[in-house]
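Listed here are the chains, written in short residue letters.
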Amino acid sequence: MDRYTTRRGLLGAIVGAGVGGAALSPAGDLLDSFAPPSGRAWRTTRGEVPEEVSSPHGDATVTYDDYHVPHVEADDELAAYYAVGYAQAADRLFEMDLIRRLMDGRLAAAVGERGVESDVFHAKMDFRGAAEASREALAGSRVETVSEAYVDGVNAYIDSGPEPLEFGLAGYDARKWTVVDTLLVGTQISWGLTGSFAPLRRAVLRERLDADDYRRLYEEPFDHGAPILREGTDGEVSGVGGSPGAAGSLRGVDPSFVDWLSTHEPPRLWGSNHWAVSGEHTDSGSPILAYDPHLTLMAPPVWYEQRVTVGDVDVRGATFPGIPFVIVGENRHGAWGFTNTGADVVDHYTYEVDGDEYRYDGEWREFDAEPRTIEVSGGEDREIQVRKTVHGAYVDREVDGETRHVGVAWTGMSGTRESQAIYEFGRTTGVDDYREAIRKMDVPTQNALYVDGENVYYHVTGKTPIRRDDGEVIRGDRVFDGSAGEAEWDGFEPFGQSDWSGFVPFEEKPGVLNPGYVGTANQRPVDDPTYPIGQEYASGFRGARIYERLDSRIEGGDPVDAEFMQSLQNDTLDIRARMLVPDLLDAIEPTDDNEQWFRALEEWDYRMDRDSEAALVFHRFYEQFREATWRDDFEALDLDEEWWPQEWPLVTLPEDDPFFGGDRAAVLAEAFEAAVEEVEEEGWSVYGDYQRTTIDHQFGGQVPALNYPRYPVGGTAYTVFNVHDDAGAGSSWRQISPMDGPSLSVIPGGQSGSYFSAHYDDQLRMWADGEYKSMAFETPDDSETVSFRGEDG
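A. Fine view of the pairing of strand S26 (residues 517-520). Burial along S26 is two-sided: the residues Tyr517 and Gly519 and Val518 and Thr520 are all buried. Sheet analysis places strand S5 (residues 273-277) next to S26, joined by four bridges and oriented antiparallel. Along S26, the bridge assignment pairs Trp275 with Gly519.

What follows is the structure, encoded as structure tokens:
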């Protein structure tokens, strides 16, 4: 019996059992895990789409290839994007609906009491108000018109298509889609990549830690020697040469309040790689781009692949369901991708407050306030006040009988033009067009990387504020006195239209045109930026490894080709292991109990391969080592694991550091013995016994068959082949784009959100095995086709 038949049988079992919303509540783990790029999610059930669909915008065809990627073709752009809206809704409507509910603060109306805290936070941040400001910024533009056609297509499916199974299980119906809903999805992406309450955590840490400990664990730049733009980078370099910005004092903040805020903060995935090599170093003489963004692994995946062809514009790649345009991918002229910059684009403020007023600029002002009702399915509705200051949102909460608050300014709270930028990517014909497009990418701040037939181009995108204190440029790593107007952003209009006059000029952001090669992996862009960009960067292990492989290949005189790019994307060498294992072997003696694992480490090449014994014991050793180093000291500070430092400080602490009790060798040895005991108790033999894909359906706890299969997989959060420890986060899309030949891609799952589709998880095994499928500009023959017919035709 094939899997499709089994799935049909499962549907009958669900229906026959009378399963309803009470039995399969989507509330479980929902707040932690559903919207891209911050969480693990669900599927939609795509029913049988008719062979012909009426369209008010004209004729179009959607042809699905062997992996259910829609190839949308039309003579008119509006007809094409009407079909895109219909296709996305057919495959991912439930996912789209939950994203907008999360950001709009309307989750509890669907899932009940468990959604209330999330709704309170999102309502007070007023993400819908931010999306409405962006709608105003697009008014009258071509992007608005095309987005409206897309919305028409989504709603046509809602009106006539089969309703996804999840809506029946959850007990509610999808309402009409709007352009603001599409912009809410974009707002969620931007917040997910840039939203942060790190300065509040820093305030707590600086208050509780010894000053020297705070500095070396949280403030010193990681000395891996591999920023994106290294010393000696060739090409036309910008944004280098300046001051890191002054640090400031950090006011005390209630850690319980910070913990609550952090539950609504995007997870620190520290992920995404891309690199490009110029034609000078390739076999073909044309550039090549490799790209893999690291996000939470979901069922269905966060990305949806599509191809749209209208006249001379032919674009293919991936988008987030709910957004019409290809965000990352390629057209006939070039290819592009983005990794997170780690820029500091959120500031936090405290105020003198008296009832309905706050003090600002020497006077008392009333909050800009409006009542909001949080609807609660099966419970009592909540009435809250959504309040704002001159700086942005105002978030307050009662903690231990006292009201705590923080003002939040975020670049995404203003009218932004990222939709315009994304639309233009697909229409670019060369590097000059692309540069003009990314100028409009106000949020999120990203490392943009582009190649065409002749050029390689890297540049930091997004609006980044310049903060000043008495005329001196400062960092945003503190909590500011909002009543005194400290470090305000000139030209910023929260929930309105900004002129951005006080932000870093585009030309002074880090970038380079036509280097021999360049790679990014969320490490700091440069050692000495013209303006301070941020402070929250990845430890640098992936970035260092990417440059290590590229340097070796190119300095050795071997040309780079697509096969080499695949091998680098699949590289599992963990630099942490290379730094630690020699000292570990010196610290332990082989015994009858540990000799197997000792010898495995002794002969190891530091690759976290799924069939490796050494990778297994190292992984479990490292977790024990991390626990032994930090837990007792941070528990004494009444701080849990979420407050621990990054991996670079752990791996590089001196041997006699107090966090090791003065004896690193003893900690290493004890951690190894604990790891051996754990591995043998669990019965694991190789890394893949422990590290397996864990990509679950939202209702998978009740119906396990809905979860994706468990496959052994290699890699860690710190290897180029990127899979986090529980295999629930990692490379969410892999793309290799040579400018002289066919491109490749793969997603960790499948295009369809329907469990009953053959394309529910048909790419998962390829993804786990480090394999790819074609991403060609060819419409398949003899495939499933949906025809959209103009109503006048």
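B. Representation of the nonpolar core within the structure. Trp303, Phe425, Leu601, Trp604, Phe621 and Phe634 are the most contacted members of the largest nonpolar core, which has 234 residues in total. For this core, the element with the highest residue contribution is helix H3 (residues 77-104), accounting for 18 residues. When sequence neighbours within four positions are dropped, the list of residues in contact with Trp303 reads Arg92, Pro293, Leu295, Ala318, Thr319, Phe320, Ile327, Val328, Ser732, Trp733 and Ile747. Residues Ala108, Val116, Ala123 and Ile374 belong to the second largest nonpolar core, which totals eight residues.

C. Layout of the pairing of strand S20 (residues 446-452). The buried fraction of S20 amounts to seven of the seven residues, a majority that puts the element mostly inside the structure. Because side chains alternate across S20, one face comprises the buried residues Gln446, Ala448, Tyr450 and Asp452, and the other comprises Asn447, Leu449 and Val451, equally buried. Of the pairings in the sheet, the one linking strand S11 (residues 334-340) to S20 comprises seven bridges and is antiparallel in character. Considered in S20, the bridge of Phe338 is made with Ala448. Note that S20 and strand S21 (residues 456-460) share five bridges and pair antiparallel. When the bridges of S21 are listed, Leu449 appears paired with Tyr458.

D. View of the environment of Tyr82. Along the chain, Tyr82 turns up in helix H3. The contact partners of Tyr82, leaving out residues within four places of it in the chain, are Ser54, Ser55, Pro56, His57, Ala149, Tyr150, Asp152, Gly153, Ala156 and Phe788. Of note is the side chain of Tyr82, whose polar atom sits 3.2 Å from the backbone oxygen of Ser54.

E. The arrangement of the sheet that holds strand S13 (residues 353-354) in detail. The three strands are arranged S13-S14-S15 in an open sheet whose pairing can be described as antiparallel. Each edge of the open sheet is held by one strand with a lone partner, namely S13 and strand S15 (363-366). Here S13 pairs with strand S14 (residues 357-360) via two bridges, running antiparallel. For Asp354, the partnering residue across the bridge sits in S14 and is Glu357.

F. Local environment of the pattern of salt bridges. According to the stated counting rule, one finds 65 salt bridges in the structure shown. Put simply, Asp159 and Lys176 hold a salt bridge, and the shortest N to O gap is 2.6 Å. Placement of the pair is Asp159 in helix H7 (residues 142-160) and Lys176 in the loop between helix H8 (165-170) and helix H9 (179-194), with a sequence separation of 17 residues. Its salt-bridge partner being Asp396, residue Arg387 comes within 3.3 Å of it at the nearest N-O pair. Summarising the burial analysis for this pair, Arg387 and Asp396 share the class buried. Through salt bridges that share partners, Asp97, Arg100, Arg101, Asp104, Arg106, Arg128, Arg175 and Asp181 make up one connected network.

G. Expanded view of the packing of H7 against helix H13 (residues 418-425). It is the contact of H7 with H13, at a shortest axis distance of 10 Å, that shows an interaxial angle of 80°. As summarised for this structure, H7 and H13 are arranged roughly perpendicular, according to the angle between their axes. Here Arg142, Val143 and Val146 of H7 lie close against H13, whose contacting residues are Ser419, Gln420 and Tyr423. Residue composition of the contact of H7 with H13, by class: three nonpolar, two polar and one charged.

H. Local environment of the confidence of the model for the protein chain. When pLDDT is averaged along the protein chain, the result is 91, and 92% of the positions lie at 70 or above. In this model residues 1-47 is a low-confidence stretch, pLDDT under 50, and it forms 154 contacts with partners more than four residues away in sequence or in other chains.

I. Structural detail: the sheet that holds strand S24 (residues 479-481). On the basis of which strands lie adjacent, the open sheet formed by six strands has the order S16-S17-S18-S19-S12-S24 and mixed pairing. Sheet topology places strand S16 (368-374) and S24 at the edges, where each strand pairs with a single neighbour. Across the sheet, the mean angle separating the axes of adjacent strands is 35° when strand polarity is ignored. Here helix H5 (residues 116-125) sits on the sheet in contact with S16, strand S17 (382-388), strand S18 (393-399) and strand S19 (402-410), set at roughly 30° to S17.

About the cut-offs
- Residues numbered from 1 in each chain as written.
- Predicted model: local features only at pLDDT ≥ 70, side-chain atom pairs only at ≥ 80, totals over all residues.
- Heavy atoms only, no water.
- Buried < 20%, exposed > 50% of the residue type's maximum accessible area, 1.4 Å probe, protein only.
- Helix = DSSP H or I, 4+ residues; strand = E, 2+ residues; numbered from the N terminus.
- Pairing = 2+ DSSP bridges.
- Core = buried A, V, L, I, M, F, W, Y, C linked by side-chain atoms within 4.5 Å.
- Contact = heavy atoms within 4.5 Å.
- Polar contact = N/O pair within 3.5 Å; in protein donor to acceptor, adjacent residues only side chain to side chain.
- Salt bridge = Lys/Arg side-chain N within 4 Å of Asp/Glu carboxyl O.
- Axes fitted to C-alpha atoms, helices over the stretch in contact; angles between N-to-C directions.
- Parallel < 35°, antiparallel > 145°, perpendicular 65-115°, else oblique.
- Nonpolar A, V, L, I, M, F, W, Y, C, P; charged D, E, K, R; others polar.
- pLDDT = per-residue confidence, 0-100.

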